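One-letter residues, chain by chain:
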Amino acid sequence: MASAYSFSSLKIIISEKVNLESKQPCSIFKLRLPGFNSSKRQVIKEPSTVVRVAASNEDIDFSDPNWKQHYQEDFESRFNLPHLRDILDVKPRPTTFSLKNSCGRGPQSVNGVSECEDQNNNYVYEADRALLKVIKYSSPTSAGAECIDPNCSWVEQWVHRAGPRKQIYYEPAKVKAGIVTCGGLCPGLNDVIRQIVITLELYGVKNIIGIQYGYRGFFDQDLPEIELSRQVVQNINLAGGSFLGVSRGNATIRDIVDSIQSREIDMVFILGGDGTHAGANAIHNECRRRKMKVSVVCVPKTIDNDIPLMDKTFGFDTAVEEAQRAINSAYIEAHSAYHGIGLVKLMGRSSGFIAMHASLSSGQIDVCLIPEVPFSLEGPYGVLKHLENLIKTKGSAVICVAEGAGQDLLEKSNLRDASGNVIFRDIGVHIQQQIKKYFKEIGIPADVKYIDPTYMIRACRANASDAILCTVLGQNAVHGAFAGYSGITVGICNTHYVYLPIPEVIRSPRFVDPNSRMWHRCLTSTGQPDFC
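Positions within a chain are numbered from 1, following the residues in the order the chain's sequence is written. Owing to the predicted nature of the model, reporting of local features is limited to residues with pLDDT of at least 70; listing and counting of side-chain atom pairs is limited to 80 or more, with chain, interface and lining totals taken over all residues. Note that the side-chain values use all heavy atoms of the structure and ignore hydrogens as well as water.

1. What about the side chain of H83?
Labels follow the DSSP assignment, with helices taken as runs of H or I lasting at least four residues and strands as runs of E lasting at least two, numbered in each case from the N terminus. Topologically, H83 is positioned in the loop between helix 1 (67–78) and strand 7 (93–94). Burial classes: relative accessible area under 20% of the type maximum marks a residue as buried, over 50% as exposed, and values in between as partly exposed (1.4 Å probe, protein chains only). Residue class for H83 comes out buried when judged on its relative accessible area of 2%. Of note is the side chain of H83, whose polar atom sits 3.0 Å from the backbone nitrogen of R85. Throughout this description, a polar contact denotes any pair of N or O atoms lying within 3.5 Å of each other; where both atoms belong to protein, one of them has to be capable of donating a hydrogen while the other can accept it, and for residues adjacent in sequence the pair is counted only when both atoms sit in side chains. A polar contact is formed between the side chain of H83 and the backbone oxygen of A483, at a distance of 2.7 Å.

Pasting the structure below:
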């Protein structure tokens, strides 16, 4: 009997039954796909199978010699950017954004070409594309392989390049633009706000407002608009937090769009994570339904780095850098104490990118625990037994755990935050208690120090790397709005800045692939065994 396994836009169909025998309860398929991991102590018997992969929830017939063409056509359709032209009869006009200001000083030429004419080379064309995937895997069993078909055939996947266009679809002098920051705090929010305002003014926009405290600011009468200008935002990047404030909570899309309509806002720039993006997509769709000339453009903000398709999101580099302070403190505490154990809990609800990168960069972590890789505390292969061995051999140990790791070991919480997310139990406190209990039972003294730097990291000012990323993302968000796009987000893919339709980045979260080279590098650094 055929079995089907669906993973958001990816579905694996196994046409023959596969027998799986494992000595460990946490064993899973050996097929190397994102979200899957395997134990070294498992034995998997795999009969001959025929695997078919489906994209966009539609089966692909790989016997069709033109399947690649069909796949690319489907991909191009899904990644096509919504435009004002789709619903309105709008005409483009020459851009007011110029990278050179020498034309006003009179005609100048270089090699017979005027500088004014040469400006045409500084714009991005609508047909420009960037390659989404750049690695050609030779086999599905290659580390971190992401394959479309069982043979890992190379299929080009192109997405829209971001940047200023020669033609725009708004008259800048008449534009009213609004900026809103949603969700939790993240390093770099003020950098993005600042750059959006500065770039809008370069286009000639004079009416720029800030919506206070997330989506709440659209309907809460006690939260007035904040007038924004270069003078107002000039130095806000020197501090952490959000100049406009943030909040979580539900609001009806109808009320938000009514507010946008009554305020006569033409461009809405929304900074937030996947939940915020889902709300922005609904706002975009409602604006289209009402045939409003409004561009809704997102800038992805998630400190966890769990937005798919992108190299990274802003705030992540700063979080990893700031986590080093906590890890170093834990190391010093552990190394200085007799049988010292340092325990650091970092952010990462469903993905362990911060914990993994912080562990890899510090070089001081002995155990890294992330949500994507299950582990056991008890037993001969558990974390506690490994800590006992470390104490006996090294005299100390340092653990880094993501907040979403090991939730299966805790009592399930029925509580939810204002955004509807499950409020996790504190895995850090649980591990701390279990370590103390275990070492007391085996009669070995242990000095455990627990550090949770979460809110210290969130409130930090962006470091240099994130500041650059925020600056370019803010600029490209404005370029995208003036180009007439709506329902899009801006990101960086393979070092190139691109526009992506919102539905594609909220299709599923991004997870650490336990079969990826980066996770393997982390394991090499920590030297930890398989805790299943």
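Having seen it, we continue.
2. A few points about the state of the cysteines
Disulfide: a pair of cysteine sulfur atoms within 2.5 Å of each other. Applying the stated criterion across every chain, the model contains one disulfide. C147 shares a disulfide with C152; S-S distance 1.6 Å. Considered together, C147 and C152 belong to a single accessibility category, that of buried residues. This cysteine, C182, is not joined by any disulfide, and C298 carries the nearest cysteine sulfur, 8.6 Å off. By relative accessible area, C182 is classed as buried at 3%.

3. Section: the pattern of salt bridges
For this document, the term salt bridge refers to a Lys or Arg side-chain nitrogen within 4 Å of an Asp or Glu carboxyl oxygen. By the definition in use, this model includes 23 salt bridges. For the salt bridge of K345 with D452, the shortest nitrogen-to-oxygen distance reads 3.4 Å. Of this pair, K345 sits in strand 18 (residues 340–346) while D452 sits in the loop between strand 21 (447–451) and helix 12 (454–458), and the two are 107 residues apart along the sequence. A relative accessible area of 10% places K345 in the buried class. Judged by its relative accessible area of 37%, D452 falls in the partly exposed class. In this structure, K385 and E388 form a salt bridge, with 3.6 Å as the shortest nitrogen-oxygen distance. Separated by three residues within a single helix, K385 and E388 lie in helix 10 (residues 383–393), roughly one turn from each other. Taking the relative accessible area as the measure of exposure, K385 reaches 30% and is therefore partly exposed. The network of salt bridges with shared partners includes D74, R78, E504 and R507.

4. Overview of helix 11 (residues 427–441)
To estimate the expected span of a helix, count its residues, drop one, and scale the result by 1.5 Å. Taking 1.5 Å as the rise per residue, helix 11 with 15 residues should run 21 Å; its terminal C-alpha atoms sit 21 Å apart, in good agreement. For helix 11, the set of buried residues is I427, G428, H430, I431, Q432, Q434, I435, Y438 and F439. Residues of helix 11 that are buried sit in contact with strand 18, strand 19 (367–369), helix 10, strand 20 (397–402) and strand 21. Of the residues flanking the start of helix 11, the one acting as N-cap is D426, its side-chain oxygen 2.9 Å from the backbone nitrogen of G428. G443 sits one or two positions beyond helix 11 and adopts a positive phi of about 75°. The contact definition used throughout considers only heavy atoms, calling two residues in contact when any of these lie within 4.5 Å.

5. Overview of the nonpolar core
Remark: nonpolar core denotes a set of buried residues (Ala, Val, Leu, Ile, Met, Phe, Trp, Tyr, Cys) joined through side-chain atoms within 4.5 Å. Of all hydrophobic cores here, the largest spans 74 residues; its most connected members are I179, L200, M267, F269, F314 and F482. For this core, the element with the highest residue contribution is helix 8 (residues 316–336), accounting for eight residues. Ignoring anything within four residues of it in the chain, the contact list for M267 reads Y170, V175, K176, A177, G178, L200, S295, A481 and F482. Listed in part, the 24 residues of the second largest apolar core include L369, L390, A397 and I427.

6. What about the sheet that holds strand 23 (residues 496–501)?
At least two bridges found by DSSP between two strands is the condition for calling them paired. The sheet built from nine strands is open, its strands ordered 10-11-23-22-17-16-13-14-15 with mixed pairing. Single-partner strands in this sheet number two, and they are strand 10 (129–131) and strand 15 (226–227). Of the pairings in the sheet, the one linking strand 14 (residues 207–211) to strand 15 comprises two bridges and is antiparallel in character. The residue bridging I209 from the neighbouring strand is E227, located in strand 15. For helices, the fitted axis covers only the stretch in contact; all axes are lines through C-alpha atoms, and the angles between them, taken along N-to-C directions, range from 0 to 180 degrees. Here helix 13 (residues 464–482) sits on the sheet and contacts strand 16 (267–272), strand 17 (295–300), strand 22 (488–493) and strand 23; the angle it forms with strand 23, its principal contact strand, is near 50°.

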